[in-house]
Amino acid sequence: LRQYIPAGKDVISVFQNITATKDDEISQYNSTISTAIRGINQHKRRRTFFLAFSQSPVDFINSLIASQSRDLK
């Protein structure tokens, strides 16, 4: 059996379908990566917060209250 080889407009259609599929696939990967990066950044901020608190709770609370006071002014 001979394999069907598209010609002319059929070739363009095949490439457009492949491109559309790959674009969707890339968009999904991009979305997954973006979500992972946001999660990593959130965990990093939480770690920094708790690490600062664990190293010097009194200074941390005083700095936090001072920062909140400045923000409310």
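Here the structure is shown first, and the text comes after it.
Residues numbered from 1 in each chain as written. Predicted model: local features only at pLDDT ≥ 70, side-chain atom pairs only at ≥ 80, totals over all residues. Heavy atoms only, no water.

Inspection of the entire model under this criterion finds 3 aromatic pairs. Between Phe49 and Phe50, the aromatic rings sit 5.2 Å apart at their centres with planes inclined by 90°, giving edge-to-face as the arrangement. With a centroid separation of 5.7 Å and an interplanar angle of 80°, the aromatic rings of Phe53 and Phe60 are classed as edge-to-face. What makes Phe53 partly exposed here is its relative accessible area of 33%. Aromatic rings pair up to connect Phe49, Phe50, Phe53 and Phe60 into one cluster. (Phe/Tyr/Trp six-rings, centres within 6.5 Å; stacked < 30°, edge-to-face > 60°. Buried < 20%, exposed > 50% of the residue type's maximum accessible area, 1.4 Å probe, protein only.)

Another point: a nonpolar patch on the surface. Taken together, the side chains of Phe49, Phe50, Phe53, Ile61, Leu64 and Ile65 make up a nonpolar region of the molecular surface, amounting to roughly 520 Å² of accessible area. The set of elements that each furnish at least two residues to the nonpolar patch consists of α1 (9-55) and α2 (57-72). (Patch = residues over 30% accessible without salt bridge, like charges linked within 9 Å, V, L, I, M, F, W, Y side chains within 5 Å. Areas by Shrake-Rupley, 256 points an atom, 1.4 Å probe, with all protein chains shown as cover. Salt bridge = Lys/Arg side-chain N within 4 Å of Asp/Glu carboxyl O. Helix = DSSP H or I, 4+ residues; strand = E, 2+ residues; numbered from the N terminus.)

Summed over the entire model, instances satisfying the criterion amount to 1 salt bridge. Glu25 is the salt-bridge partner of Lys22, the closest N and O atoms lying 3.8 Å from each other. Remark: Glu25 and Lys22 occur in helix α1; sequence separation between them is 3 residues, near one turn of the helix.

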